[in-house]
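What the coordinates show
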Amino acid sequence: MPTFADRLKNVSVSASVAMTQKARELTAQGVKVISLSSGEPDFPTPPHAIAAAHAAALAGDTKYPAIEGTPALKMAIQRKFQRDNQLTYEPNQILVAGGGKQVIFNAMLATLNPGDEVVIPTPAWISYADIVKFAGGVPVPVPCSQANNFKLQPEDLNAAITPRTKWLLLNYPSNPTGSACSRAEMAAIAEVMLHHPEVWIMTDDMYEHLIYDGFEFCTIAAVEPRLYERTLTVNGVSKAYAMTGWRMGYCGGPQELIRAVSNVNTQNSGGVCTLTQAAATAVLNGPQELLAERAGVYQQRRDYVLGRLADIQGLSCHKPEGAFYLFPNIAEFIGRTSRGGRKIGNDTDFCMALMEEHHVATVQGAAYGLSPFVRLSYATSQAMLEQGCDRIAEFCAGLR
Ligand code: PLP
C-alpha cells in the first residue's frame with residue numbers, strides 16, 4: 001500500500017466540520033437540527049457582486065487570471081485600506097488569494113523554517129495552529145482568560161516571545177469569542193512588539209465590519225505606524241459581504257513580504273477565479289451602507305441570545321464587541337448527567353449531548369484551545385435563534 005506524507009499527521013479535521021457532519025447525518029434521518037455552529041453569514045451575496053461576475057463571464061473574462069490580483073481589484077483593495085483603515089498600500093504591496101485562509105497559509109509557507117514559533121492568542125480560530133504546523137512551525141498559544149474578556153495581555157505576550165518567534169498572529173474581532181481591541185488595548189500590544197523587531201505581525205481582520213455598539217475597529221499597523229514595515233494586514237470578502245463561497249481574501253504588507261508570499265501563490269494556485277475577482281472589485285468599490293445595516297441586525301441577534309443565556313442558571317457569557325459568536329462558560333455543568341443519561345465530563349460531551357438529545361449544533365471551546373466553553377454562532381435567522389435558545393435552556397435545565 002502506498003503511504004502518505006508525515007506532515008499530514010499534524011493536521012486535524014476541524015471540530016466545527018465534525019459537528020457539521022453530525023448535523024448532516026441527523027438531518028438526513030429527518031431530524032430538524034438547529035445550527036448554531038456555522039461560521040458564515042446567512043445573508044445573500046450583494047446583487048451587484050453577482051451582476052459584476054455575470055457581466056465578466058459574458059464579456060469573456062474567463063482566461064487565466066492575474067495571479068496577484070487584477071489591476072482593478074488591487075486598486076479597489078488599495079482604496080479600501082485607505083478608506084476603512086487609513087493605511088496606504090501601493091499595488092505592489094497588495095496580494096489576493098483563494099480566501100483569507102490561503103493568504104495565511106501562503107504567508108506561513110513563505111516565512112517559517114522548521115521549529116519557528118508563532119504566537120497565537122488563544123482561544124483562536126481552529127485553523128491557525130494547523131496551518132502553522134503544516135508549514136513546519138510551532139504554534140505557541142497564549143491563554144487569554146474570560147476575566148480579561150479573552151483579550152491578549154501585553155505582559156503575557158512579552159513572556160511568550162522567544163528568539164524562535166517568527167510571527168504574532170492577531171484576530172480582533174475574534175473567532176471564537178467576538179472580542180475586539182480598543183485603540184488603547186491595541187497600542188499596548190504594539191508597544192510590546194516595538195521591543196521585538198525580529199517578529200512579523202499578522203492581523204486577521206476578517207470580522208472588521210461586524211462590530212457593535214459604536215465600538216471602533218482598529219488595526220495594528222494603523223495604530224502604531226512604526227510596525228507597518230513588518231505587519232501583514234489580512235482581510236477578505238467572506239464575512240463582510242457574505243461571499244464565503246467565492247473564495248477571495250487579500251492582504252497588504254511590506255513589498256518584500258508580499259513578493260515572498262506571491263512566490264508561494266504562483267505555485268499553489270493559478271490565481272483567484274476571474275469572476276470572483278470581478279465580484280470582489282464590485283463590492284469593494286460599491287455602496288458600503290449594507291455593512292452597517294447588517295451589523296445592526298447582528299447586534300440585535302447578539303443581544304437577544306445574550307439575554308436568553310443570562311436566564312439560564314449555570315451559564316456565564318461575556319458581551320463581545322464584534323464578530324457573530326458568543327462564547328459562554330459551561331463550567332457549572334461539568335460533572336453532571338443529561339436527561340438522556342450522558343455524563344458531561346467536558347465541553348465536547350456537552351456539545352455532543354446537546355446535539356444528540358436536543359438537536360442543536362454548537363462547537364466545543366476545546367476546539368479553539370479553551371475549555372470549558374461553547375461557541376455559539378448567531379449568523380442565523382431570529383426564528384432559528386429562538387428555537388435554539390429554547391432547546392439549550394431545556395437541555396441545561398435537565399442537567400443534574
Ligand atoms: N480568519 C478567521 C478568523 C475566520 O474565522 C475565517 C473563517 O471562518 C477565516 C479567516 C477564513 O476566511 P476565508 O473565507 O476568507 O478563507
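1. Remarks on the site of the ligand
The local shell around the ligand holds 13 residues, among which Gly100, Asp204, Ser238, Lys239 and Arg247 are the closest. For the ligand, an oxygen atom lies 2.6 Å from a polar atom in the backbone of Gly100. Residue Arg247 places a side-chain N or O atom 2.7 Å away from an oxygen atom belonging to the ligand. The protein chains hide 91% of the 400 Å² of surface that the ligand would expose on its own. Of the residues that constitute the shell around the ligand, the class distribution is 4 nonpolar, 5 polar and 4 charged.

2. Some points on the domain arrangement of the chain
Each domain of the chain was delimited in the assignment, giving domain 1 (6-44 + 290-397) and domain 2 (47-285). Using C-alpha coordinates to define each centre, domain 1 is positioned 26 Å away from domain 2. Across the boundary between the two partners, domain 1 contributes 40 residues, which contact 34 residues of domain 2. Surface buried jointly by domain 1 and domain 2 totals about 3000 Å² across both partners, of which 60% is contributed by carbon and sulfur atoms. The salt bridge involving Asp213 is made with Arg302; its shortest N-O contact spans 2.9 Å. Applying the counting rule to domain 1 against domain 2 returns 17 residue pairs in polar contact (both at pLDDT 80 or more). When contributions to the side of domain 1 that touches domain 2 are tallied by element, the ones reaching two or more residues are helix H1 (15-28), helix H11 (289-310) and strand S9 (325-326). Of all the elements, H11 adds the most residues to the side of domain 1 that touches domain 2, at 7 residues.

3. Concerning the environment of Met108
Take Met108: it is sitting in helix H4 (residues 100-111). C-alpha of Met108 to C-alpha of Trp167: the two residues are 59 residues apart in sequence and 8.9 Å apart in space. Setting aside residues up to four positions removed in sequence, Met108 forms contacts with Val118, Ile131, Val132, Ala135, Trp167, Leu169 and Met202.

4. A closer look at the pairing of strand S8 (residues 249-252)
Burial along S8 is two-sided: the residues Gly249 and Cys251 and Tyr250 and Gly252 are all buried. The pairing of strand S2 (residues 94-97) with S8 spans 4 bridges and is classified as antiparallel. By the bridge assignment, Leu95 is partnered in S8 with Cys251. Judged from the 4 bridges that link them, strand S7 (residues 231-236) and S8 form a sheet pairing that is antiparallel. Its bridge partner lying in S8, Gly236 is registered against Gly249.

Rules used throughout
- Residues numbered from 1 in each chain as written.
- Predicted model: local features only at pLDDT ≥ 70, side-chain atom pairs only at ≥ 80, totals over all residues.
- Heavy atoms only, no water.
- Near = heavy atom within 4 Å.
- Polar contact = N/O pair within 3.5 Å; in protein donor to acceptor, adjacent residues only side chain to side chain.
- Areas by Shrake-Rupley, 256 points an atom, 1.4 Å probe, with all protein chains shown as cover.
- Nonpolar A, V, L, I, M, F, W, Y, C, P; charged D, E, K, R; others polar.
- Domains from an automatic or database assignment.
- Contact = heavy atoms within 4.5 Å.
- Buried area = accessible area lost by both parts, 1.4 Å probe.
- Salt bridge = Lys/Arg side-chain N within 4 Å of Asp/Glu carboxyl O.
- Helix = DSSP H or I, 4+ residues; strand = E, 2+ residues; numbered from the N terminus.
- Buried < 20%, exposed > 50% of the residue type's maximum accessible area, 1.4 Å probe, protein only.
- Pairing = 2+ DSSP bridges.

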